[in-house]
Each structure stands twice: as C-alpha cells, then as structure tokens.
Amino acid sequence: MSGWTIAVFGFLAFALGLFGLIRPDDLLGLLGFQVVEVRGPGDYTKVYLAASSMAAVNMGVYYLLAAASDWTPFFRWTVPFRLLTCAVFTTLVVTGAAPAEFVGVGLWEGLGALVTGLALWREGKLVQRSSERRPATR
C-alpha cells in the first residue's frame, strides 16, 4: 500500500510538471497567481515556473521508480520532508505571500505524507529494522 501512495504522488507530480511546461499560464491560474499577457523586463516568472515544472517532472519519475522497486527507505524519507513542505507552503498562504489557492499544494503534500506514513505504519515498515541497515564499510 505504501508503494501505491508513492506511485500516485509520483504520477501526479509528473503530470502537473508536464502541465506546467506545456501550459504555464493555466498552471499559474490554477495556483491562484495572476496571469498577465505581457511581462515586464526582469520578470522571470515563466522561467522560474519552467524550472519548477521540470523539477516536478524529475521528482515524479524518482517517485515512480522508487515505487516500482519498492524502496521502503525512500518512502520513509519522504514523510517528514513532505510534512515540512506542507508547513512552508501553508505558511506562505497564511502570511499573504501566496494566494489562498496555493494552500492546495501544501495540503496535497501534507495529506500525501500522512497517507504514506499511515500505510508504512500499517505495513510495519514505518521504522527501519536493524536487518535493513547497511553494514559499516572500511
């Protein structure tokens, strides 16, 4: 089950990343950011969005590959970092730095982390077993 949570998150990250690369204005609107026809000199919104979208595509592939190989340590690592991402993105909305619609991104991260954490707990894989630890190398 935990692998499925990672696969779903990976697919969505990949798909939304592609969406941002192909339809950047639509993604900006979906996230609640103002879409303008003409951007002034020094406005690199589209460049930053392309970079973020490409990162989402890559991250989606990483998650899909981790799910395909049932890489449980990776699943565990995602939980605290996705919760941190939830906290940071939600704080951006609460402080007014980001539009209200952007809270959906934080909630997606937070809910996904909780679902993955719950699945790992139910599978008895939330905590690393000593048999999973790598032996020390010299």
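Everything discussed here concerns the structure shown above.
Residues numbered from 1 in each chain as written. Predicted model: local features only at pLDDT ≥ 70, side-chain atom pairs only at ≥ 80, totals over all residues. Heavy atoms only, no water.

*Asks:* Give me the packing of helix α3 (residues 45-68) against helix α4 (residues 72-94): which residues, what numbers.
*Replies:* Two elements in contact, α3 and α4, have axes separated by 10 Å at closest approach and are oriented at 140 degrees. When the interaxial angle is binned, α3 and α4 end up oblique. The residues of α4 that touch α3, namely those facing Y63, A66 and A67, are F74, F75, T78 and R82. Considered class by class, the residues forming the contact of α3 with α4 number five nonpolar, one polar and one charged. (Axes fitted to C-alpha atoms, helices over the stretch in contact; angles between N-to-C directions. Helix = DSSP H or I, 4+ residues; strand = E, 2+ residues; numbered from the N terminus. Parallel < 35°, antiparallel > 145°, perpendicular 65-115°, else oblique. Contact = heavy atoms within 4.5 Å. Nonpolar A, V, L, I, M, F, W, Y, C, P; charged D, E, K, R; others polar.)

*Asks:* Tell me about the pattern of salt bridges, and please be specific about residues and values.
*Replies:* Following the criterion strictly, the structure yields four salt bridges and no others. With its nearest N and O atoms 2.5 Å apart, the salt bridge here joins D26 to R23. Given the relative accessible area of 34%, D26 is considered partly exposed. Using a relative accessible area of 46% as the deciding quantity, one classes R23 as partly exposed. A salt bridge links R82 to E109; its shortest N-O distance comes to 3.6 Å. Here the residue R82 occupies a position in helix α4, and E109 occupies one in helix α5 (residues 103-122), the gap between them amounting to 27 residues. (Salt bridge = Lys/Arg side-chain N within 4 Å of Asp/Glu carboxyl O. Buried < 20%, exposed > 50% of the residue type's maximum accessible area, 1.4 Å probe, protein only.)

*Asks:* If you had to explain the environment of D43 to someone new, which residues and values would you point to?
*Replies:* With respect to the helices, strands and loops of the structure, D43 is situated in the loop between α2 (24-30) and α3. Within the local environment of D43, its side chain forms a polar contact with the side chain of R39, the two groups lying 3.0 Å apart. (Polar contact = N/O pair within 3.5 Å; in protein donor to acceptor, adjacent residues only side chain to side chain.)

*Asks:* Talk me through the side chain of T5; I want residue IDs and the actual numbers.
*Replies:* On the secondary structure map, T5 appears in helix α1 (residues 2-22). Ignoring anything within four residues of it in the chain, the contact list for T5 reads V115, T116 and A119.

*Asks:* Which residues make up the nonpolar core, and what values do they have?
*Replies:* Counting residues in hydrophobic clusters, the biggest one holds 11 residues: I6, A7, F9, Y63, A66, A67, F74, F75, V79, A113 and L120. Other than its neighbours up to four places away in sequence, F74 contacts I6, Y63 and A66. Judged by nonpolar contacts, the second largest core, of eight residues, contains L27, V93, F102 and V105. (Core = buried A, V, L, I, M, F, W, Y, C linked by side-chain atoms within 4.5 Å.)

*Asks:* Describe the packing of aromatic side chains, naming the residues involved and giving the relevant values.
*Replies:* Scanning the model with the defined rule gives seven aromatic pairs in all. Arranged with centres 5.2 Å apart and planes meeting at 50 degrees, the rings of F89 and F102 form a pair that is tilted. Of this pair, F89 sits in helix α4 while F102 sits in the loop between α4 and α5, and the two are 13 residues apart along the sequence. The class for F102 is buried, based on a relative accessible area of 11%. The ring of F9 carries the charged tip of R82 above its face, separated from the ring centre by 3.7 Å. (Phe/Tyr/Trp six-rings, centres within 6.5 Å; stacked < 30°, edge-to-face > 60°. Lys NZ or Arg CZ within 6 Å of the ring centre and 35° of its normal.)

Honestly, that's just the spatial picture; any functional story needs more than this.
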